[in-house]
Amino acid sequence: MSEQDPMVDEFDTVASWTVEAVRGLGADHALPAACRGSGSPAALDWLADALGIGAGTHLLDSGAGVGGPAAYVARERGARPVLAEPMAGACWAAQQLFDSPVVVADGLRLPFADATFDAAWSLGVLCTVEDKATHLRELRRAVRPGGGVGLLVYERTVAELPDQPEGNHFPDRAELEAAVAAAGLRMVEEVPLADLPGTPDDWQRAADAVDDAVERQHRDDPRWVRAHEQEDAIGDLISRELVVGVLVHCRAEAQGVPA
Ligand SMILES: C[S@@+](CC[C@H](N)C(=O)[O-])C[C@H]1O[C@@H](n2cnc3c(N)ncnc32)[C@H](O)[C@@H]1O
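This write-up is about the structure you can find in this document.

Cut-offs used in this document
Residues numbered from 1 in each chain as written. Predicted model: local features only at pLDDT ≥ 70, side-chain atom pairs only at ≥ 80, totals over all residues. Heavy atoms only, no water. Helix = DSSP H or I, 4+ residues; strand = E, 2+ residues; numbered from the N terminus. Buried < 20%, exposed > 50% of the residue type's maximum accessible area, 1.4 Å probe, protein only. Areas by Shrake-Rupley, 256 points an atom, 1.4 Å probe, with all protein chains shown as cover. Lys, Arg positive; Asp, Glu negative; His and termini not counted. Charge placed at Lys NZ, Arg CZ, Asp CG, Glu CD. Salt bridge = Lys/Arg side-chain N within 4 Å of Asp/Glu carboxyl O. Core = buried A, V, L, I, M, F, W, Y, C linked by side-chain atoms within 4.5 Å. Contact = heavy atoms within 4.5 Å. Near = heavy atom within 4 Å. Polar contact = N/O pair within 3.5 Å; in protein donor to acceptor, adjacent residues only side chain to side chain. Nonpolar A, V, L, I, M, F, W, Y, C, P; charged D, E, K, R; others polar.

The secondary structure content of the chain amounts to 9 helices and 7 strands. Along the three orthogonal principal directions, the C-alpha set of the chain runs to about 55 × 40 × 35 Å. Buried positions account for 53% of the 259 residues belonging to the chain. For the chain, the exposed surface amounts to about 11,500 Å²; the carbon and sulfur share of it is 48%. Treating the 21 positive side-chain charges of the chain as one cloud and the 43 negative ones as another, the clouds have centres 5 Å apart.

As structure tokens, then:
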């Protein structure tokens, strides 16, 4: 990835700017601002219930971003998440905001032994990764036999997108199913994000306030402009339902597939 890469702008540079904005607004803004893939607590609750995340659950969050979802299940359920994320700026932000255990790591080559975790999830990551089967296979490898793997996937509903945001590779249904099967995972249940309660107003207000503070501080910076354009392009695809968010609960196949 180059210094001009909008993925770096969005997931590294702007992610790290979140910290100063939260410090200015108050710690209660950290969680809403740091959930960049899912946003809604209802979505995280659905996935946490499906995966059986409770007190002490050792959870891998791969592509954890700024760490909001992991911090949410740590706070609400007493889970013990570990964050893996390739962007050092996002890892730094997660550490600053939540004191989370975090490792700078590519989700295609996780630095964990087999069966380290009780469960794993990857939220809004699959569409940023070309080699989806390897990303999923790494999640399966990292969880103990029988452990759950949760996904938030932005699924493409049309053959071709009119405007493909740089660095994004939204899978259609067939590609998602093929990648899940190739990873030795089985889909157990799923729910469209649209079927769950939306983001609560106070949560949305806090996230917006952080975005506004970052914008005020950095709107003249070309990195903010590129990241903002990227976010707008994806928001547009979602609002036109050309891509739809789906939560998926998977389990490892009994026989598995050799990694
Ligand atoms: C839309 S954000 C979601 C962040 C977080 N999961 C959340 O829900 O708030 C996508 C994340 O995927 C990460 N990502 C991109 N390529 C990755 C890879 N090869 N392995 C793991 N994560 C990756 C990005 O750096 C970014 O933090």
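From this point, the discussion proceeds with the structure in view.
A few words now on the pattern of salt bridges. Pairs may arise between side chains of opposite charge once their charged atoms sit close together. Tallied over the entire structure, the rule returns 13 salt bridges. Taking the shortest distance from any N to any O, the salt bridge between Arg 226 and Asp 9 comes out at 2.6 Å. Linking Arg 226 in helix α9 (residues 222-239) with Asp 9 in helix α1 (residues 6-25), this pair joins segments that are 217 residues apart in sequence. Asp 9 sits in the buried class, given a relative accessible area of 0%. Notably, a salt bridge pairs Glu 76 with Arg 75, separated by 2.9 Å at the nearest N-O pair. Taking relative accessible area as the criterion, Arg 75 reaches 55% and is therefore assigned exposed. Overlapping salt bridges bring together Glu 155, Arg 173, Glu 177 and Glu 190 as one network.

Once that is clear, we can look at the nonpolar core. Judged by nonpolar contacts, the single largest core of 31 residues is most densely connected at Trp 46, Leu 47, Ile 53, Val 73, Trp 121, Phe 170 and Leu 247. Of all elements in the fold, only α3 (41-51), α4 (68-77), β4 (117-123), β5 (143-156), α9 and β7 (243-252) reach the threshold of two or more residues within this core. Among the elements that take part in this core, α3 stands out by supplying 7 residues, more than any other. In this structure, Leu 47 is in contact with Trp 121, Leu 123, Gly 150, Leu 151, Leu 247 and Val 248, ignoring residues within four places of it in sequence. By size, the runner-up hydrophobic cluster in this structure holds 24 residues, among which are Leu 126, Val 153, Val 180 and Leu 185.

A few words now on the site of the ligand. Taken together, 20 residues lie around the ligand, and Arg 36, Gly 63, Glu 85, Gly 107 and Leu 123 are the ones closest in. Here a nitrogen atom of the ligand and a backbone polar atom of Gly 107 are 2.8 Å apart. A distance of 2.8 Å is found between a nitrogen atom of the ligand and a backbone nitrogen or oxygen belonging to Leu 123. Calculation on the ligand without its partners gives an accessible area of 590 Å², and the protein chains cover 93% of this total. Classifying every residue of the shell around the ligand by side-chain character gives 10 nonpolar, 7 polar and 3 charged.

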